[in-house]
Amino acid sequence: MASIVDKPKESNQGDLLKIEKYTNGLIKFIESSATPITVGIQGEWGSGKTSLLNTIKQDLCDKEGAKHYSIWLNTWEYSLLSSPDETLIKIISGLVSQIGELTKNQKTEKGKKVVATLGSIMQGFGGVMGGFSGKAIQMAGNAIETSAEVKPLDNSIKALRVALQNVINEAIETSNPSKETFIFFIDDLDRLDPAVAVSILELIKNLFDLEKCIFVLAIDYGVVVKGLQSKFGKMTEENEWEFRAFFDKIIQLPFSMPISTYNIANYLQDLLVNVNYFETSDLKDEKARTKISEIVALSVGTNPRTLKRLANSVSLIEIIRGEDQKITSEERFIEFALICIQIAYPFIYTLIQKESDFTSWDEQFVYSILKNKKIDETDLEIFKTSGKFDETWKQSIWKICQISTFLKQRVLQLIELLIFIESNIPNVKEEEMSDTLDRLLRMSSVTSVSADSMATPKKERVRYEGIEAYSNILRESKISEEVIETLSKLISTIENKFGNSASITYAPSKINIKNLNSIHRRKAFLYIGIQKKKIVCELLSEDKERLISLYPEGKISKGGLDLPLTKENSFNFEKYMITFEEEFKKMEEG
């Protein structure tokens, strides 16, 4: 299967999310409820509300011998190409038409009369309203059997309500005694303009609060809050009770979609295997299923609609990749994490595209993003002392995330996700982190919807020619002259020691020094990161324990050992040169 269709689950499909006990409990409650009652199924858009409505309708209304009439109304469809007032009128017409259609074949004289009265009232409304709204109501009246002899004196809402109650009573008590109630399923309220959604809720309360009627509404409380702002103003701690009181007046039973209990591991496995991104064997053990569940929990979340979009993204990438560019299972998990970042944190994804080795992000990189924007670093200092942001790249990401409320709230999850990528890179190939990520990013970028990536083609990486040009950039970034002078001496020493065997690349976030004569896949030998008042040399080596014993002032990093050059140690890099030479030579030996 190449794609996943984004449509609500039918009642006969499997319960992959494992919420059957919640569904059954709600069905039993509705079945035994006194009337009138309104049930509000709450959840964000795409959380499965319509699928739940389908299940309830199938169980209570569609089975043979079911005791309930069903009325289904998709409010979004009624709102298309309509003004707010027209939408309300069309919804009234739609509900009344469906009631009339279910009850028009009355056998008793009383039954025929009450149905005719309802139709006549609706036609009367149409004449009063005129224009588009009047035609809509008249059509609803025409859909119901009418009698010329029936001429109601009152075309008010009250008269319509009385007529509706009479029709419903007659349909249940006389025409079809096996039926007990009408259940109204009102869907897609959260796709409407919030003010219109609130008007529909008021309409239901004022017009359809009838005996033998149950309303089941799919609604997001956040939409109600937005729709009530014209009445109560922006919600605050002081007036929150007014918003809640309105909601409680309409909804007698709130039911929140149990998203936190969704069995995401099973659901994800089904989606990803169906689109041929993972083989069943890749996800056969609990550790692998847990891994993908943790990735989505830290990024896109558990919304079923978002997960379907994710599955379609990875499916397209796999189709484009084809048989000739197969990747390993380890690479696939990293690519999957990158795609999740692309969907959940598109701004961060574009930054990774620009400088894929996010572990090299430093103050200079942050400055290139934030420019002169000021941020409050008070919380960062607290996190530093707790050990959560003990590395420069994590601190850099924290600073970048302060420019967005959403990113600020999600920075810990984002860093956890990047730590996952960092820790799994060594399992891929013996190559630099940036090379691995660049290779995987080239494929995943096709599903990006970032404004940056759509507006302009991806730019080539910025590189500077020589230490002089690089020093000028550092000065613009307000790096101290002492640091710049030390860096120039260090580069000069390296050039003299290693000659043409060393390739030096000047990138915005770091200087990358490679051994061109390395017999290994990894060519990188030394990374030099520049901060305002210090230089950090990351010597890449597998022999980390020996290096830390030689230089206890250093700090073990992902690739080797970070060696600081600061004013406190007089920016003395000479003492490291012997070890630099030894490690450089090792790369040329077996």
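About the criteria used
- Residues numbered from 1 in each chain as written.
- Predicted model: local features only at pLDDT ≥ 70, side-chain atom pairs only at ≥ 80, totals over all residues.
- Heavy atoms only, no water.
- Helix = DSSP H or I, 4+ residues; strand = E, 2+ residues; numbered from the N terminus.
- Contact = heavy atoms within 4.5 Å.
- Pairing = 2+ DSSP bridges.
- Axes fitted to C-alpha atoms, helices over the stretch in contact; angles between N-to-C directions.
- Phe/Tyr/Trp six-rings, centres within 6.5 Å; stacked < 30°, edge-to-face > 60°.
- Buried < 20%, exposed > 50% of the residue type's maximum accessible area, 1.4 Å probe, protein only.
- Lys NZ or Arg CZ within 6 Å of the ring centre and 35° of its normal.
- Arc of directions from axis to C-beta.
- Salt bridge = Lys/Arg side-chain N within 4 Å of Asp/Glu carboxyl O.
- Patch = residues over 30% accessible without salt bridge, like charges linked within 9 Å, V, L, I, M, F, W, Y side chains within 5 Å.
- Areas by Shrake-Rupley, 256 points an atom, 1.4 Å probe, with all protein chains shown as cover.
- Lys, Arg positive; Asp, Glu negative; His and termini not counted.
- Charge placed at Lys NZ, Arg CZ, Asp CG, Glu CD.
- pLDDT = per-residue confidence, 0-100.
- Core = buried A, V, L, I, M, F, W, Y, C linked by side-chain atoms within 4.5 Å.

**Some thoughts on the side chain of Ser313**
By the element assignment, Ser313 lies in helix 14 (residues 304-321). In contact with Ser313, not counting residues within four places along its chain, are Ile339, Ile343 and Thr447.

**Quick look at the sheet that holds strand 1 (residues 37-42)**
The strand order 2-3-4-1-5 describes an open sheet built from five strands, whose pairing is parallel. Every interior strand has two partners, whereas the edge strands, strand 2 (68-74) and strand 5 (253-256), have only one. Taking each pair of neighbouring strands and ignoring which way they run, the sheet shows an average axis angle of 15 degrees. Inspection of the sheet shows strand 2 paired to strand 3 (residues 181-187) by seven bridges, in the parallel sense. Residue pairing across strands places Tyr69 opposite Phe182, the latter belonging to strand 3. Together, strand 1, strand 2, strand 3, strand 4 (213-219) and strand 5 form the strand contacts of helix 2 (residues 49-62), whose direction differs from that of strand 2 by roughly 155 degrees.

**A closer look at the packing of aromatic side chains**
This structure, assessed with the given rule, holds 22 aromatic pairs. The interplanar angle of 45 degrees and the centroid separation of 5.4 Å between the aromatic rings of Tyr470 and Tyr506 together place this pair among those described as tilted. Here Tyr506 lies in strand 6 (residues 502-506) and Tyr470 lies in helix 23 (residues 466-476), a separation of 36 residues in the sequence. Taken as a pair, Tyr470 and Tyr506 share a single burial class, namely buried. Ring pairs connect the aromatic residues Phe498, Phe525, Tyr551, Tyr576, Phe580 and Phe584, which therefore count as one cluster. Between Lys179 and the ring centre of Tyr69, over which it is positioned, the NZ or CZ distance is 5.5 Å.

**Structural notes on helix 26 (residues 577-586)**
For an α-helix, the turn length of 3.6 residues means that residues three or four places apart are oriented alike. Buried residues of helix 26: Met577, Thr579, Phe580, Glu583 and Phe584, and no others. Summarising the axial view, the buried residues of helix 26 lie within an arc of 155 degrees, below the 170-degree limit, and thus occupy one face. Facing away from the buried surface of helix 26 by more than 90 degrees, the exposed residues are Ile578 and Lys585.

**Describing the pattern of salt bridges**
One pass over the full model with this rule turns up 23 salt bridges. Among the salt bridges present, the one from Lys67 reaches Glu180, with a minimum N-O distance of 3.9 Å. Of this pair, Lys67 sits in the loop between helix 2 and strand 2 while Glu180 sits in the loop between helix 7 (157-175) and strand 3, placing them 113 residues apart in sequence. Residue classification places Glu180 among the partly exposed residues on the basis of a relative accessible area of 39%. With a shortest N-O distance of 2.9 Å, Glu583 and Arg546 are connected by a salt bridge. Residue Glu583 is located in helix 26, and its partner Arg546 is located in helix 25 (residues 544-550); the two are separated by 37 residues in the primary sequence. Through salt bridges with shared partners, a single network forms among Glu318, Arg321, Lys326, Arg332 and Glu335.

**Remarks on the sheet that holds strand 10 (residues 555-556)**
Strand order across the open sheet formed by six strands is 6-7-8-9-11-10, with antiparallel pairing between neighbours. Sheet topology places strand 6 and strand 10 at the edges, where each strand pairs with a single neighbour. In the packing of helix 26 onto the sheet, contacts are made with strand 6, strand 7 (511-515), strand 8 (524-530), strand 9 (535-540) and strand 11 (560-565), and the angle to strand 9 comes to roughly 35 degrees.

**Here we look at unusual backbone geometry**
For the peptide bond that leads from Thr35 to Pro36, omega is 0 degrees, which places it in the cis range. Relative to the helices and strands, Pro36 resides in the loop between helix 1 (20-31) and strand 1. Of note, the phi angle at Asn276 is positive, near 65 degrees, even though the residue is not glycine. On the secondary structure map, Asn276 appears in the loop between helix 12 (264-274) and helix 13 (286-297).

**Side note on a positive patch on the surface**
A cluster of like positive charges, contributed by Lys374, Lys478, Lys532, Lys533 and Lys567, occupies part of the molecular surface. By the secondary structure assignment, Lys374 is in the loop between helix 17 (363-370) and helix 18 (378-386).

**Quick notes on the environment of Ala34**
Looking at where Ala34 falls in the secondary structure, it is placed in the loop between helix 1 and strand 1. For Ala34, a relative accessible area of 63% gives the class exposed.

**With respect to the environment of Lys371**
Position of Lys371 among the secondary structure elements: in the loop between helix 17 and helix 18. A relative accessible area of 52% means that Lys371 is categorised as exposed. Sequence separation between Lys371 and Ser477 is 106 residues, and the spatial gap between their C-alpha atoms is 9.1 Å.

**Regarding the confidence of the model for the protein**
Scored by pLDDT, the protein comes out at a mean of 80, with 82% of its residues at no less than 70. A low-confidence stretch, residues 451-459 (pLDDT under 50), is modelled with six contacts involving residues beyond four sequence positions or located in other chains.

**A few points about the nonpolar core**
In this structure, Ile41, Leu310, Phe336, Ile348 and Ile421 are the most contacted members of the largest nonpolar core, which totals 81 residues. With 10 residues, the top contributor of residues to this core is helix 15 (residues 329-344). Core analysis: the second largest hydrophobic core is formed by 41 residues, Ile71, Phe182, Phe243 and Phe246 among them.

**With respect to a nonpolar patch on the surface**
Judged by side-chain polarity, Leu316, Ile320 and Val446 come together as a nonpolar surface patch covering roughly 240 Å² of accessible area. Positionally, Leu316 belongs in helix 14.

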